[in-house]
Amino acid sequence: SLTQSDITYLEQFDFQTIVDLRSAEELELFPNRWAVQETIDYVNVHYSIMDLMGEALNISPDEENPEQAVLNNMGESYKGFPALLEPQFIALFDRLLAAETP
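Cut-offs and rules
- Residues numbered from 1 in each chain as written.
- Predicted model: local features only at pLDDT ≥ 70, side-chain atom pairs only at ≥ 80, totals over all residues.
- Heavy atoms only, no water.
- Salt bridge = Lys/Arg side-chain N within 4 Å of Asp/Glu carboxyl O.
- Buried < 20%, exposed > 50% of the residue type's maximum accessible area, 1.4 Å probe, protein only.
- Phe/Tyr/Trp six-rings, centres within 6.5 Å; stacked < 30°, edge-to-face > 60°.

This part takes up the pattern of salt bridges. Using the criterion set out here, one finds two salt bridges in the structure. Of the charged contacts, one joins Arg22 and Asp20 as a salt bridge, the two residues approaching to 2.7 Å between their closest N and O atoms. By relative accessible area, which is 23% here, Arg22 ends up partly exposed. On the accessibility criterion, Asp20 (6% relative accessible area) is buried.

Quick look at the packing of aromatic side chains now. With the rule as written, the count across this model stands at three aromatic pairs. Here the aromatic rings of Tyr9 and Phe13 are separated by 5.2 Å at their centres, their planes lie at 70 degrees, and the arrangement is edge-to-face. Accessibility expressed as a relative area gives 39% for Phe13, which makes it partly exposed. Measuring from ring centre to ring centre gives 5.7 Å for Phe13 and Phe15, while their planes differ by 55 degrees; the resulting arrangement is tilted. An aromatic cluster of at least three residues, connected via ring pairs, comprises Tyr9, Phe13, Phe15 and Trp34.

Right, dumping it as C-alpha cells:
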C-alpha cells in the first residue's frame, strides 16, 4: 500500500484517470485506497491471475520433468497477457482519445 509520503507525492500531480492493470488477487492484497478516495476516474477490469496460473500448473502426472513443464507453461501463459489486459488498454486509450486524462 501507499505510504503517506507516496500520497503526498502523488497529490502534486493532476491525475484524472488511473487504469489499474492488477488482478483481483493483487487488488485484494494491496488495494489502491488513494485512487478510490480521490476524484480520479479509477478503471480496473476484473480478472483472476489464479485462473491464468492454474492453467500453467495443470500438467500431466506422467510428466518426466514437472518443474520444466510448469516453467514452459508459465512462459506460454505470459504470452497471453496482452490479450488478457485488452479491456484495460481499451479503457485507457478510450480516455486518452476523449482527452479525459493527461
